[in-house]
Amino acid sequence: MSTLQAIQQQMLEAVLAANSSALPPIRSDAIADAHSRLAVYQHGYRIRLRDALKNEFAGLERIAGRSFNALLDAYVETHPSGHYNIRWYGAGLANFLQGAHSDRPQLSEMARLDWAISTVFDAADEPSLGITELAGIPPDAWAGLRLLPQANLHTLDCAYNVDAFRRAADRGEARPHLRRYARPRRLLVWRQTMSVHYRRMDADEWQVLAAARRGEAFATLCAILAERHGETAAMGRMVALLQAWASAGLLRGIG
Amino acid sequence: MTASRSDSLPYLGYGLGLRVDHYEALLAKPAQVQWLEVVSENYMVDGGLPLVWLDRFRERYPLVMHGVSMSIGSTDPLDEDYLARLAALARRVEPAWVSDHLCWTGVQGVNLHDLMPLPYTEEALSHVVSRVLCVQDRLKRRILLENVSSYVSFAQSQLTEWEFLAEVAERADCLILLDINNVHVSAMNHGFSALDYLRGIPASRVQQFHLAGYEQGEQLIIDTHDAAVSNAVWDLYVQAVRRFGRVSTMIERDDHFPPLPELIAELEHARVLAEPLLKDAA
């Protein structure tokens, strides 16, 4: 190991382990001793990572309340950053919370929604298929075609009303009451042009969207609805879904 | 090889760092702001609003790109994904120049997201020079390296910081972004002369100045870049203008953003200080 490598490794370890007594080869002088000098980097490291997380997890701050900073600090102490861009530091927070706070599953659920919103925000731009384009498809072509949902949309299963907490944070409103659902609700997170949206999906939409994302043909999507509601009602529901998806920019094309 | 900043890179005048808080106000293109510096990593994304804003400003201002993650001094290999994204962004922006810091930000795959100082040794010098050459080859342009504020120095150092910076620039044929605030902060924290620092930097290599503010700690000065430029830094800026002449200058604020007119007032103060000196020298 070269001298440069050794110094960098010692500095890294000293910054990560704030309470370590081992000192890198730092000079002390009349202005400040080595411990005080090192402490600037130790303190700055923790503040910087915590601030980066605060920027991304507005809903978690609402749902965690006064424990929010302690949650972030625990993540910072146990999860060194592996990406050059601090913007991605929060990628592992939801999994961390799931493991470290299994008694409060709403925390990891909230973190997943926050992170989905964050990642959709600057995901790759995609084309959007509008109602006019859909109306132009010949009737006999529909059965075999495949609807292509946005590649960057996210779907989440939620046992708690985490979307209400995020909405309260976005709007600067009071913290809502935490509610646990008897059956999981499904959330959809996507971007239409430059605006990020999230909303709940009913069981029909969730199943049909999941099938479309798997690449199932349009006829199969209709069959899913027909099985749930019968042939006649299924067509009306499919048309309503198509109109909603097209007007929300959820479709990037057909295949 | 001796390089002159007039060889290829333009003089841009007086500018600001582009920050989200000032997006709307800067769209109006106030006459005092002649150019903008963008933080490269903020726009190294796949799509969405950041790139829309970037394109809007690209239409209105000359831009330069300023990175914080190249980690040119790290003993980890250069990050190929980072360099590929940086090169792609440079192709999109077509900046007047690209800069980063003379530091390391992580090692062994761990990123501290801080501008860590190097030991000023011959070993570190050779290491940094080889990597700057590699990056410049990759980006097909000379880069600027900025001096960082530091709070530690290493027992192994054989050179002063300014000797190290000057030698990197000469050997790698790169340019220098001189942060006047950082010179002052490090001079106070390590007890060296800021004027000695300025005298040790080759004038032909200095392409850009940063001006910023700091916070006075109990023992050390902390480079926060979140306050107005201090009187001591303004004084040092005057000395820098005398030594280096006409250099593109900007106010760099990273937090506690005031309304844009306050930053513009600071920028105007830089102009008021510098222009008479430059006129006299002409």
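Computed from a predicted model, the values in this text were never measured in an experiment. (Residues numbered from 1 in each chain as written. Chains lettered and ligands numbered in written order. Predicted model: local features only at pLDDT ≥ 70, side-chain atom pairs only at ≥ 80, totals over all residues.)

1. A closer look at the overall build of chain B
A tally of helices and strands in chain B yields 9 helices and 12 strands. Here the C-alpha atoms of chain B give a radius of gyration of 18 Å, agreeing with the 19 Å that 2.2 N^0.38 yields for 282 residues. In terms of overall dimensions, chain B has C-alpha extents of about 50 × 45 × 40 Å along its principal axes. For chain B, with 282 residues in total, the buried portion stands at 49%. Contacts spanning at least 24 positions in sequence make up 78% of the contacts within chain B whose residues lie at least 6 apart. (Helix = DSSP H or I, 4+ residues; strand = E, 2+ residues; numbered from the N terminus. Rg over C-alpha atoms; globule rule 2.2 N^0.38 Å. Buried ≥ 20, exposed ≤ 12 C-beta atoms within 10 Å, placed from the backbone. Contact = placed C-beta atoms within 7 Å.)

2. Considerations on the domain arrangement of chain A
Interface extent is often summarised as the accessible area lost during association of the parts. Residue and element names in this part refer to chain A. Domain annotation for chain A reports domain 1 (1–122) and domain 2 (123–255). Using only C-alpha atoms to locate each centre, domain 1 and domain 2 end up separated by 35 Å. The partner domain 2 presents 22 residues to the 18 residues of domain 1 that form the contact. Listing elements by their share of the side of domain 1 that touches domain 2, those giving two or more residues are helix H3 (58–64) and helix H6 (105–121). No other element matches the 12 residues that H6 contributes to the side of domain 1 that touches domain 2. (Domains from an automatic or database assignment.)

3. Remarks on the packing of helix H6 (residues 180–190) of chain B against helix H8 (residues 231–244) of chain B
Packed helices, taken two at a time, are described by the angle their axes make and the gap between the axes. Residues and elements named next belong to chain B. Orientation of H6 relative to H8, taken along the N-to-C sense of each, is 115 degrees, at an axis distance of 9 Å. Like other packed secondary-structure pairs, H6 and H8 cross with a definite hand, here right-handed. Mapping the contact onto sequence places Ile 180, Asn 181, Val 183 and His 184 in H6 and Ala 232, Val 233, Leu 236, Tyr 237 and Ala 240 in H8. Tallied by class, the residues present in the contact of H6 with H8 amount to 7 nonpolar, 2 polar and no charged. (Axes fitted to C-alpha atoms, helices over the stretch in contact; angles between N-to-C directions. Left-handed = near helix turned anticlockwise from the far one by under 90°. Nonpolar A, V, L, I, M, F, W, Y, C, P; charged D, E, K, R; others polar.)

4. Description of the sheet that holds strand E9 (residues 206–211) of chain B
Residues and elements named next belong to chain B. Taken in spatial order, the 8 strands of this closed barrel run E1-E2-E3-E4-E7-E8-E9-E12, and their pairing is parallel. On average, each strand axis in the sheet is inclined to that of its neighbour by 30 degrees, with strand direction left out of account. As paired strands, strand E2 (residues 35–39) and strand E3 (residues 63–66) are joined by 4 bridges and run parallel to one another. Within E3, the residue paired with Glu 37 across the bridge is Val 64. (Pairing = 2+ DSSP bridges.)

5. Some remarks on the sheet that holds strand E2 (residues 154–160) of chain A
As a general point, the strands of a sheet are linked pairwise by backbone hydrogen bonds and lie either parallel or antiparallel. Residues and elements named next belong to chain A. Judged by pairing direction, the sheet is antiparallel, and its 3 strands sit side by side in the order E2-E3-E4 without closing on themselves. Edge strands, defined here as strands with exactly one partner in the open sheet, are E2 and strand E4 (195–201). Along the sheet, successive strands turn relative to each other by an average axial angle of 30 degrees, direction set aside. Here 6 bridges tie E2 to strand E3 (residues 180–192), and the two strands are oriented antiparallel to one another. Opposite Leu 156, over in E3, you have Leu 187 as the bridge partner. In the packing of H6 onto the sheet, the strands contacted are E2, E3 and E4, and the crossing angle to E2 comes to about 155 degrees. Strand contacts of helix H9 (residues 203–214): E2, E3 and E4, with the helix running at about 120 degrees to E4, the strand carrying the most contacts.

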